[in-house]
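# Structure at a glance
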Amino acid sequence: LGPLVGAIDQGTSSTRFLVFNAKTAELLSHHQVEIKQEFPREGWVEQDPKEILNSVYECVEKTCEKMKQLNISIANIRAIGVTNQRETTVVWDKTTGEPLYNAIVWLDLRTQSTVERLLKRIPGKNKTFSKFKTGLPLSTYFSAVKLRWLLDNVEEIRKAVEDRRAMFGTIDSWLIWVCICGKNGGIHCTDVTNASRTMLFNIHSLEWDPELCKFFDIPMEILPNVRSSSEVYGLMKICPSRKSGALTGVPISGCLGDQSAALVGQMCFRDGQAKNTYGTGCFLLCNTGQKSVFSEHGLITTIAYKMGRDKPAFYALEGSVAIAGAVVRWLRDNLGIAKTSQEVEKLAADVGTSYGCYFVPAFSGLYAPYWEPSARGIICGLTQFTNKSHIAFAALEAVCFQTREILDAMNKDCGIPLSQLQVDGGMTNNKILMQLQSDILCIPVVKPSMPETTALGAAMAAGAAEGVGVWSLNPGDLTAVTCERFEPQINPEESEYRYARWKKAVMKSMGWETSDSPNGKPK
């Protein structure tokens, strides 16, 4: 079989461990576990860092068991890559190895008042004051404001910082620290792609920015060391009592935020290549090469990857949509109109139209291209005729309309319209959604037959690292991917009409919530 590479893919709604063949990029085995999200108050989203960690252990163990059944030796696993939900913030105690609070998830809105307080300190309340340093607008979305909230509101964390026991990290840092020895000499690091999502990182100098740390009043000693996306960070060392100790001694040598990993997994290494990932949210990234491009149309600038210590950083323009797959989960778990996500697809298929009903799922405000935290979700255009199938269809349409908004912005910024859209992520298994997406964009949608591109990207980074060298990233060596194509099937006029109605609905969702409205109380 030759050398294998493992990938830990820790997403917002689930954790996976996957094993790939480094020569053929074939997925050999994997296991997935759904992660609980906690909503202690309205707008708050948390996860338990220990549960995340245990889900990683469980996925590693189960995948190793499956490989034994397939007679594949786990001794062939030469490296492990990590990819993760970005921005989600963890603070832990380096002496006990225990988290000091739940992880605050990227979608969380509790920091709205923190953002408004910080805005008052900026001349002209300019949200994009750090755009040219960080590529990002001031928003509840990024880690710095979450960390600021934790320092302001959690006594235990304040104390740990004073005693120099506190460590901050995004999920990648937490996992790498624990998997490489933890409190017995763990490595506290992150990669440039994850660092570029904190609002504390200068994306040009590739260093933590002292001025920004001062602005957010964050002590620099709690920040992880920033490394490239592809180098050996350390060797896997999981507590021997667990069966996942089987991978002890394997280098962890790849680390990419999930959207960067998907860009790599889709082989978008050339300037102008783009992909759209449909997960909890929706993220369109376009590689802009070794130059950072700043958007005039509400997109953000982020680091795509840096494939080695001495290799240059590549940049991307990103359109971020907060709610995509999460709207289907909401229909399932909150409204109970279906028992599974597949059932939501079936409901939509039964009607084939939303019958004039529009759903703007601004559950966490609106991200790109509006950056409007005051927006909230609305369903409008309802009549006595509307039923749950129309609402299911409107939810799928919403994912497609939101993608069209960020694609329009991307086309304006890049000047060269995309002729087709490369897609990946869990929702792309939904054929109705993919056809709808093509109809609404009026361009073909192309989906690789192996949908786990995020994990593949992390595996590629790990396998290509210096000292591992089992995966070649030379364009000539990359295996061609088989794809499924969806072509537009409706006339552009109808598509434009529906898109215009959608935009009208978006306007109605804005300005709903202000931070002085009394906050939801814990249940």
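Residues numbered from 1 in each chain as written. Predicted model: local features only at pLDDT ≥ 70, side-chain atom pairs only at ≥ 80, totals over all residues. Heavy atoms only, no water.

Going by the annotation in an unreviewed UniProt entry, the name recorded for the protein is glycerol kinase, with Dicrurus megarhynchus given as the source organism. Heading Sequence similarities (unreviewed entry) of the UniProt record for the protein holds this comment: "Belongs to the FGGY kinase family." (UniProt positions renumbered as here; feature names shortened; annotations may be inferred.)

### Describing the sheet that holds strand β18 (residues 314-321)
Read across the open sheet, the seven strands follow the order β17-β18-β16-β15-β21-β22-β23; overall the sheet is mixed. Each edge of the open sheet is held by one strand with a lone partner, namely β17 (300-305) and β23 (483-486). Each adjacent strand pair in this sheet contributes to an overall mean axis angle of 30°, direction not counted. Pairing of strand β16 (residues 282-289) with β18 involves seven bridges; the strand directions are antiparallel. Note on β18: the bridge partner recorded for F283 is S320. (Pairing = 2+ DSSP bridges. Helix = DSSP H or I, 4+ residues; strand = E, 2+ residues; numbered from the N terminus. Axes fitted to C-alpha atoms, helices over the stretch in contact; angles between N-to-C directions.)

### As for the packing of helix α10 (residues 325-333) against helix α12 (residues 388-414)
Viewed as axis vectors pointing N to C, α10 and α12 meet at an angle of 160°, and their least axial separation amounts to 9 Å. In terms of orientation, α10 and α12 fall into the roughly antiparallel class. Between α10 and α12 lies a crossing whose hand is right-handed. Residue-level contacts link V327, V328 and L331 of α10 to I391, A392, A395, L396 and V399 of α12. Class assignment for the residues of the contact of α10 with α12 results in eight nonpolar, no polar and no charged. (Parallel < 35°, antiparallel > 145°, perpendicular 65-115°, else oblique. Left-handed = near helix turned anticlockwise from the far one by under 90°. Contact = heavy atoms within 4.5 Å. Nonpolar A, V, L, I, M, F, W, Y, C, P; charged D, E, K, R; others polar.)

### Description of the UniProt feature "domain: Carbohydrate kinase FGGY C-terminal" (unreviewed entry) in the protein
Per the UniProt annotation, the sites labelled "domain: Carbohydrate kinase FGGY C-terminal" (unreviewed entry) are residues 275-465. End C-alpha atoms of residues 275-465 are separated by 24 Å, and the span's content is 37% helix alongside 21% strand.

### Side note on the sheet that holds strand β13 (residues 230-235)
The strand order across the open sheet formed by six strands is β3-β2-β1-β5-β14-β13, and the pairing between neighbours is mixed. With one partner strand each, in any of the chains shown, β3 (27-34) and β13 form the two edges of the open sheet. For this sheet, the mean inter-axis angle between neighbouring strands, taken without regard to orientation, is 25°. Two strands pair when backbone bridges link them, and strand β5 (residues 77-84) and strand β14 (residues 251-257) are joined in this way by five bridges, in the parallel orientation. What sits directly across from I80, in β14, is I252. Sheet strands in contact with helix α6 (residues 171-179) are β1 (4-10), β5, β13 and β14, and its direction is about 145° off that of β5.

### Some remarks on the pairing of β5
Within β5, seven of the eight residues are buried, leaving the element largely enclosed by the surrounding structure. In this structure, β1 lies alongside β5, joined through seven bridges in parallel fashion. Within β5, the position partnered with G6 by the bridge is I80. (Buried < 20%, exposed > 50% of the residue type's maximum accessible area, 1.4 Å probe, protein only.)

### Focus on the pattern of salt bridges
A complete count under the given rule lists 35 salt bridges for this structure. The residue R329 makes a salt bridge to E34 at a minimum N-O spacing of 3.5 Å. Taken together, the residues R329 in helix α10 and E34 in strand β3 connect sequence positions 295 residues apart. Overall, the relative accessible area of 19% leaves R329 in the buried class. Taken together, the shared-partner salt bridges in this structure form one network comprising R86, E87, R197, D258 and E318. (Salt bridge = Lys/Arg side-chain N within 4 Å of Asp/Glu carboxyl O.)

### Some words on the nonpolar core
Core analysis: the largest hydrophobic core is formed by 141 residues, its most contacted members being F20, L138, F216, I218, Y278, L421 and W471. At 14 residues, the largest contribution of residues to this core is made by α12. The residues contacting W471, other than those within four sequence positions of it, are V5, F20, N21, A22, A25, L456, A459, M460, G463 and A464. In this structure, L28, V33, C59 and V82 belong to the second largest nonpolar core, which totals 39 residues. (Core = buried A, V, L, I, M, F, W, Y, C linked by side-chain atoms within 4.5 Å.)

### Comments concerning the layout of surface pockets
Estimated volume of the second largest pocket: approximately 620 Å³. Considering the residues around the second largest pocket, the lining is formed by 23 residues, among which M307, K311, A464, L473 and N474 are closest to the centre. Looking at the lining of the second largest pocket element by element, the count peaks at three residues for β13. Of the residues belonging to the lining of the second largest pocket, the class tally is twelve nonpolar, five polar and six charged. (1 Å grid on protein atoms, 1.4 Å probe; cavity = no way out; pocket = protein on both sides within 12 Å on 5 of 7 lines; lining within 4 Å. Points joined across faces, edges and corners; volume = space filled by probe spheres on them.)

### Let's talk about the packing of aromatic side chains
With the rule as written, the count across this model stands at 25 aromatic pairs. Plain terms: the ring middles of F129 and F215 are 4.9 Å apart, the flat faces sit at 50° to each other, and that makes the pair tilted. Note that F129 is positioned in the loop between α2 (112-120) and α3 (131-134) and F215 in helix α8 (residues 210-216), a separation of 86 residues in sequence. Take F129: its relative accessible area is 28%, and that puts it in the partly exposed class. Classification of F215 by relative accessible area gives buried; the value is 13%. Ring pairs connect the aromatic residues W106, Y141, F142, F283, Y367 and W371, which therefore count as one cluster. When the ring centre of W149 is taken as origin, the NZ or CZ atom of R110, which lies over that ring, is 4.7 Å away. For the cation-ring pair, R121 lies above F215, with the distance from its terminal atom to the ring centre recorded as 4.5 Å. (Phe/Tyr/Trp six-rings, centres within 6.5 Å; stacked < 30°, edge-to-face > 60°. Lys NZ or Arg CZ within 6 Å of the ring centre and 35° of its normal.)

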